[in-house]
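Summary of structural features
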Amino acid sequence: MIRFESVTLTYPDAAAPALRDVTLHIPEGELALVVGKTGSGKSSLLRAVNGLAPTFTGGVLDGRVTVAGRDTRTHPPRELADVVGVVLQDPRNGFVTELVEDEIAYGMESLGLSPEVMRRRVEESLDLLGLSDVRHRPLRTLSGGQQQRAAIASVLAQHPRVLVLDEPTSALDPAAAEEVLAALQRLVHDLGLTVLMAEHRLERVVQFADRIVHVHGDGRVSDGLPVQVMADAPVAPPVVELGRWARWEPLPLSVRAARRFAGPLRATLTALAEAPAELSADTVASPDAATVAELKQVRVQYGSHVALSEVDLRLRAGEIVAIMGRNGAGKSTLLRSLVGLTETSAGRVRVGGHNPVDLAGRDLTSAVGMVPQDPGDLLWNESVRQECDESVDPSQARQLFGDLAPGVDPAMHPRDLSEGQRLALALAVVLSAGAPLLLLDEPTRGLDYPTKHRLVGLLRRRAASGATIVVATHDVELAADLATRTVVIAEGDIVTDGPTRDVVTASPQFAPQVAKVLAPVQLLTVADVLAVLPEAL
Amino acid sequence: MSAQRPARALHPVAWWLWALALAAAASRTLNPLLLGAIIGVAALVVAARRSEAPWAASFRAFLILGTVVLAVRVIFEALFGAPIPGTTLFTLPEVTLPQWMAGVRLGGDVTSEALVAALYSGLQLVAILACVGAANALANPTRLLKSVPGALYEVGVAVVVALTLIPSALMHLQLIREARRLRGQSSRGISAVARTATAVLAGALERSLALAAAMDSRGFGRLRPLSAWERRVTASLTLSGLMALLVGGYALLDAGTSPLAAACLLALGAALALTGLYRANRRAVRTVYRPDPWRWPETVTVASGFIAVAVYTAVAVADSATMAPVTNPLTWPTLPLVPLLATLLAAAPAWVAPPAPSSTSVSASRPADALAANPPVTEPVAA
């Protein structure tokens, strides 16, 4: 269905080609998952499928890419619109119309379908992606998850035979991600749709894949069956790591498969449970640690919409708190009110004894630091070096950035960095101010596992030296790995607040993979298992 | 008007025709009472039938703009206006200008006659702006785009995309200001403003490119293949039609040419251009999803506007004194009954047009105005 024949893609001014001599064939009806580190060329591969690269990116493409027999050299993207549907990373940038329903119809209008067909397909697409209750809403008022689903629906309505998705679930909460993936799975099974999808959150998607396309980062691309590729891939979800460590054969890719192997391990762990070891997530801050920030009866209202209602929260020194909840539940609003970007309608916010709204300049940065959802928003200088120079402590910022993202040329423009490197730079800039309270809004979106590990290490060290860290995230694996305490928000209310181990094991929605495999044993990560069983196996 | 009438948006073309007709009527009179009535009618219809969409707030902006225009018109008249004899209200110090600027006056006597005349013509501009503002507030620009002929669709899209760029740039600006706050830097000062502007511009360009890529990959601009000969015929039809329109328009304004010849040329040009457009349309493959229906409220709305302009034109020819009150000597303007009735008739859409669909579902979860307070949509997706 999709065929790459010795494709080499070189961007202008690039030292090395982004894709080098790629030969790849994705047969019809397969769900192929593209994996690789950030900035390795996954997006280039996806964009080459319908000719967006090099048509819109510039550069030279050697070799041949054909989709359903059509050559991208002779067919511009618009002539492929009826065979290939593409949803790129930030769907907000791709919305052409104002309303959900019009957006879904847009592509069909371009294809010149008859009004009756359009009516029918719009209804089908709305149902398929669960958007019927927001069909008349303006797109920009939707939550991130709804926007992502609207973008997929608008492409699916064109009935393409190939669907290309770049990070379709990374902005979604676990439940919304499952919905989207279930819808894709149905399309692949029922309609024989071919899907090519890049995704960092392998734990969500790897079990659905028929084939894994590994983009190595030096331009090479290889592909194989998931079990083969996962056996030694440098990026792997926790369930695969557990399987590799326990030498389960064949390697389990899903929680279900792993549970069937995990009986003996569970028995061993249950026997050991009487002597609990010191585990990663158990360094709970003592109740008498100093209070760093406090929300008292805080309400935030936008018009008639209540984003936070009567929230009480106390953050102590040395804590790492994960804030979880659906898209649009109020996580970002909570962080914004802690840094004074959102004024509260009622209640009291205190950060280091001050109301953050009243702080500005150095007073603010030395009290609280925040990395917003899009770390690029924080960066406006021409080069990495200038960004570091403009931070509160340039030498420390440079060092932090070097630790997090080694080997980056300081003369590079922040926009040319990969997603992970940009986050590292924003984090370095914010951390160098040395605030005792650090807020991170969805920090692992678009991050590969190695960068994530470095991030977790850095944050743990910060917390150990007394800083308080609050992370709003959809990433259950991150919360399990990092947080000592987890707060679940729904509709602006705090639903649960407690030690991470208790909170995430209590709910299947927030449970990490290892906990699901080993339930009822309350272990969250592979590291936990290793800590309990240091000498076993 | 019954409470049970289903809400639906009136056809945007109907709103524009109604508003343009009303504006044309306003251009036929200098009578301040009639102009006031027209502004009132426009405001009434906007208040009754506007939606909750962001563009619905634009009427106010147009009124403010009108007030500024009126003030500028009157002030300029006082400063630079040609002297009109009459009752002198006050005298500004007059600047003696060099010989080569003879004919331009600066300062001097300001007469009430001159000011009133300026006021009337300024009011006319306000009324025209109010009508355009009403059309802006009432008609959905993206729905209007659907009525654009397929051959011109790409041009229309360019305009609409350019218009949406401004709100998205404003949103981005807000994000950058917040980011500056987070980094402990002020948003004031020349260097800060310059950097912010650069960032906003870069962001806008980046988004435009992303949008172009997304639109192309969804089939924007697909054309049905036509033979080279057919393309040439279409192009030459359109081109010659436009030429004829141009020459005809010139002839109409030129006193030496007979109006009949000019009208013939214009008609020929219009026919050729429309044929060309029609043929070009066949190349476009676009269809329209749920086109706005044209029912009797649309017809009544347009008719009410056209009746107003017809009455104004007829009365202006028959009785120019009431339509353009004499300002020298100053007379109290009279309110002519027939044009007033026609103006009031133009308020019919306030009742005839179906109520605008209210977006209750929007306010239930996240109203559009919340966005102004909280620009980053709560969970934006990966950049």
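Within any chain, residue numbers begin from 1 and follow the written order of that chain's sequence. Lettering for chains starts from A, numbering for ligands starts from 1, and both go in the order in which the items are written. With the structure being a predicted model, the display of local features is reserved for residues of pLDDT at least 70 and the display and counting of side-chain atom pairs for 80 or more, all residues being used for whole-chain, interface and lining totals. Side-chain numbers here rest on the full set of heavy atoms in the structure, without hydrogens or water.

Some remarks on the overall build of chain B
Where we set the bar: Helical segments are the DSSP runs of H or I of at least four residues, strand segments are the runs of E of at least two, and each set is numbered from the N terminus. The buried label applies to any residue whose accessible area, calculated with a 1.4 Å probe on protein chains only, is under 20% of its type's maximum; exposed applies above 50%, and partly exposed to all values in between. A contact between two residues is defined here by any heavy atoms of the two lying within 4.5 Å. Values of accessible area rely on a 1.4 Å probe in the Shrake-Rupley scheme; residue burial ignores everything except the protein chains shown.
What chain B contains, in helices and strands, is 15 helices and two strands. The proportion of buried residues among the 383 residues of chain B is 42%. For chain B, the share of sequence-separated contacts (at least 6 apart) that also reach a separation of at least 24 residues comes to 80%. Accessible surface, chain B: about 19,500 Å² in total, of which carbon and sulfur atoms supply 72%.

Examining the interface of chain B and chain A
Rules: The term buried area denotes the loss of accessible surface (1.4 Å probe radius) that occurs when two parts are joined, taken as the sum for both partners. The working definition used for a salt bridge is a side-chain nitrogen of Lys or Arg within 4 Å of a carboxyl oxygen of Asp or Glu. Nitrogen and oxygen atoms within 3.5 Å of one another constitute a polar contact, given that in protein one can donate a hydrogen and the other can accept it, and given that sequence-neighbouring residues count only through two side-chain atoms.
Counting from both sides, the interface comprises 62 residues of chain B and, opposite them, 87 residues of chain A. The junction of chain B with chain A conceals about 6,800 Å² of combined surface from both sides, 52% of it contributed by carbon and sulfur atoms. By the criterion of area lost to chain A, the three top residues of chain B are Arg183, Arg218 and Tyr289 of chain B, representing 15% of everything that side buries. For the pair chain B and chain A, the number of links is six salt bridges. A salt bridge links Arg336 of chain A to Glu178 of chain B; the shortest N-O distance between them is 2.9 Å. Summed over the shared surface of chain B and chain A, the number is 17 residue pairs in polar contact (both at pLDDT 80 or more). Counting only elements with at least two residues in the side of chain B that touches chain A, the list comes to helix H5 (141-146), helix H6 (153-182), helix H7 (190-217), helix H14 (360-365) and helix H15 (368-373) of chain B. For the side of chain B that touches chain A, the element with the highest residue contribution is H7 of chain B, accounting for 15 residues.

Describing the environment of Ser366 of chain A
Residues and elements named next belong to chain A. For Ser366, the position within the fold is in the loop between helix H13 (361-365) and strand E15 (368-371). Remark: the alpha-carbon pair of Ser366 and Arg260, spanning 106 residues in sequence, is separated by 51 Å. Every residue in contact with Ser366, bar those within four places of it in the chain, is listed here: Ala433, Ala435 and Pro436.

Things to note about the sheet that holds strand E8 (residues 194-198) of chain A
Residues and elements named next belong to chain A. Note the following rule: Following DSSP output, two strands are said to pair if at least two bridges run between them. Axes, fitted as lines to C-alpha atoms, cover a helix only where it is in contact. Angles between the N-to-C directions of the axes lie from 0 to 180 degrees.
Read from one edge to the other, the open sheet built from six strands follows the order E6-E7-E8-E3-E9-E10, with strand pairing classed as mixed. The sheet is open, and its two borders are formed by strand E6 (84-87) and strand E10 (221-224), each paired with just one other strand. For this sheet, the mean inter-axis angle between neighbouring strands, taken without regard to orientation, is 15°. Inspection of the sheet shows strand E3 (residues 31-35) paired to E8 by four bridges, in the parallel sense. Residue pairing for E8: Leu31 is matched across the bridge by Val195. Strand contacts of helix H1 (residues 42-49): E3, E6, strand E7 (162-166), E8 and strand E9 (211-215), with the helix running at about 155° to E7, the strand carrying the most contacts.

Some words on the sheet that holds strand E14 (residues 346-351) of chain A
Residue and element names in this part refer to chain A. An order of E12-E11-E14 is seen for the three strands of this open sheet, with the pairing classed as antiparallel. Looking along the sheet, the strands with just one partner apiece sit at the ends: strand E12 (305-316) and E14. Shown here is a sheet whose adjacent strand axes are inclined to one another by a mean of 15°, direction ignored. Bridge count for strand E11 (residues 291-302) against E14 is five bridges, and the pairing is antiparallel. Opposite Leu295, over in E14, you have Val349 as the bridge partner. In this fold helix H12 (residues 331-338) packs onto E11, E12 and E14, with an angle of close to 60° to the strand it touches most, E12.

A few points about the environment of Ala151 of chain A
Residues and elements named next belong to chain A. Considering the arrangement of structural elements, one finds Ala151 in helix H5 (residues 144-156). As for Ala151 and Glu103, which are separated by 48 residues in sequence, their C-alpha atoms are 8.1 Å apart. For Ala151, the contacting residues outside a window of four places in its chain are Val87, Pro91 and Phe95.

Here we look at H1 of chain A
All names here are of chain A. Among the eight residues that make up H1, six are buried, leaving the element largely enclosed by the rest of the structure. Of the residues making up H1, those classed as buried are Lys42, Ser44, Leu45, Leu46, Ala48 and Val49. Directly beyond the C-terminal end of H1, a positive phi value near 85° is found at Gly51.

Thoughts on the domain arrangement of chain B
Selection rule: Throughout the structure description, domain borders are defined by an automatic or database domain assignment.
Segmenting chain B into domains produces domain 1 (7-141 + 292-378), domain 2 (148-223) and domain 3 (224-283). Each of domain 1 of chain B and domain 2 of chain B was reduced to a C-alpha centroid, and the two centroids are 32 Å apart.

Topic: the packing of helix H2 (residues 32-49) of chain B against helix H12 (residues 337-345) of chain B
Helix packing geometry: the angle between the two helix axes and the distance between the axes. All names here are of chain B. Note the cut-off: These descriptions rest on fixed angle ranges, namely under 35 degrees for roughly parallel, over 145 for roughly antiparallel, 65 to 115 for roughly perpendicular, and the rest for oblique. Classification used: nonpolar for Ala, Val, Leu, Ile, Met, Phe, Trp, Tyr, Cys and Pro, charged for Asp, Glu, Lys and Arg, polar for all others including Gly.
Close contact between H2 and H12 brings their axes to 9 Å; oriented N to C, the two are set at 10°. Relative to H12, H2 is oriented roughly parallel. Contacts between H2 and H12 involve Leu34, Ala37, Ile38 and Val41 from the former and Pro339, Leu340 and Thr343 from the latter. Per-class residue counts for the contact of H2 with H12 are six nonpolar, one polar and no charged.

Here's the deal with unusual backbone geometry
Peptide bonds are trans in most cases, and residues, glycine excluded, mostly fall at negative phi. Residue and element names in this part refer to chain A. In this structure, Pro250 follows Glu249 across a cis peptide bond, with omega equal to -10°. Inspection of the secondary structure assignment puts Pro250 in the loop between helix H9 (238-246) and helix H10 (255-261). For Arg247, which is not glycine, the phi torsion reads 55° and is therefore positive. Structurally, Arg247 is set in the loop between H9 and H10. Take Arg247: its relative accessible area is 67%, and that puts it in the exposed class. The residue Glu442 is not glycine, and still its phi comes out positive at about 50°. Assignment of secondary structure puts Glu442 in the loop between strand E16 (437-441) and helix H17 (449-464). With relative accessibility at 4%, the residue Glu442 sits in the buried group.

A few points about the domain arrangement of chain A
Residues and elements named next belong to chain A. Domain annotation of chain A identifies domain 1 (2-235) and domain 2 (280-532). Here domain 1 and domain 2 have C-alpha centroids that lie 30 Å from each other. Across the contact, 19 residues belong to domain 1 and 20 residues belong to domain 2. Where domain 1 abuts domain 2, roughly 1,600 Å² becomes buried across the two surfaces, and 52% of that area is made up of carbon and sulfur atoms. Across the domain 1-domain 2 interface, the total number found is two salt bridges. A salt bridge links Arg201 to Asp475; its shortest N-O distance comes to 3.9 Å. On the surface where domain 1 and domain 2 come into contact, there are two residue pairs in polar contact (both at pLDDT 80 or more).

Digging into the packing of aromatic side chains
Residues and elements named next belong to chain A. Where we set the bar: Two rings from Phe, Tyr or Trp (for Trp, the six-membered ring) form a pair when their centres sit within 6.5 Å of each other. Planes less than 30 degrees apart are called stacked, planes more than 60 degrees apart edge-to-face, and all others tilted.
Enumeration over the complete set of coordinates arrives at three aromatic pairs over all chains. The interplanar angle of 15° and the centroid separation of 5.8 Å between the aromatic rings of Trp248 and Phe261 together place this pair among those described as stacked. Highlighted residues: Trp248 in the loop between H9 and H10 and Phe261 in helix H10, separated in sequence by 13 residues. Judged by its relative accessible area of 10%, Trp248 is buried.

Thoughts on empty space enclosed by the protein
For clarity, the threshold we go by: Using a grid of 1 Å spacing that covers the protein atoms alone, one calls a set of points a cavity when a 1.4 Å probe fits there but cannot get out, and a pocket when the set is open and has protein on both sides within 12 Å along at least five of seven lines; lining residues are those with an atom within 4 Å of a point. Grid points are joined across faces, edges and corners, and a volume is the space filled by probe spheres set on the points.
Overall, the coordinates contain six cavities of 30 Å³ or more when judged by the stated rule. Surrounding the largest cavity, Thr365, Val368, Gly369, Glu390, Ser391, Val392, Val429, Val430 and Ala433 of chain A together with Leu182, Arg183 and Gln185 of chain B form its lining. Secondary-structure elements contributing two or more residues to the lining of the largest cavity are E15 and helix H16 (419-431) of chain A. Split by residue class, the lining of the largest cavity holds six nonpolar, four polar and two charged. Quantified by volume, the second largest cavity comes out at close to 60 Å³. Lining the second largest cavity are Ser110 of chain A together with Gly150, Tyr153, Glu154, Gly219, Phe220, Gly221, Arg222, Leu223, Ala284, Val285 and Arg286 of chain B. When the residues that make up the lining of the second largest cavity are grouped by side-chain class, the tally is five nonpolar, four polar and three charged.

Re H2 of chain B
All names here are of chain B. Put simply, the rule is: Between the first and last residue of a helix there are one fewer steps than residues, each counted as 1.5 Å, and that sum is the expected span.
Helix length check: H2 (18 residues) gives 26 Å between terminal C-alpha atoms against 26 Å at 1.5 Å per residue, within 8%. Pro32, Leu34, Leu35, Ala37, Ile38, Ile39, Val41, Ala42, Val45, Val46 and Arg49 are the residues of H2 that are buried. The N-cap residue of H2 is Asn31: its side-chain oxygen and the backbone nitrogen of Leu33 are 2.9 Å apart.

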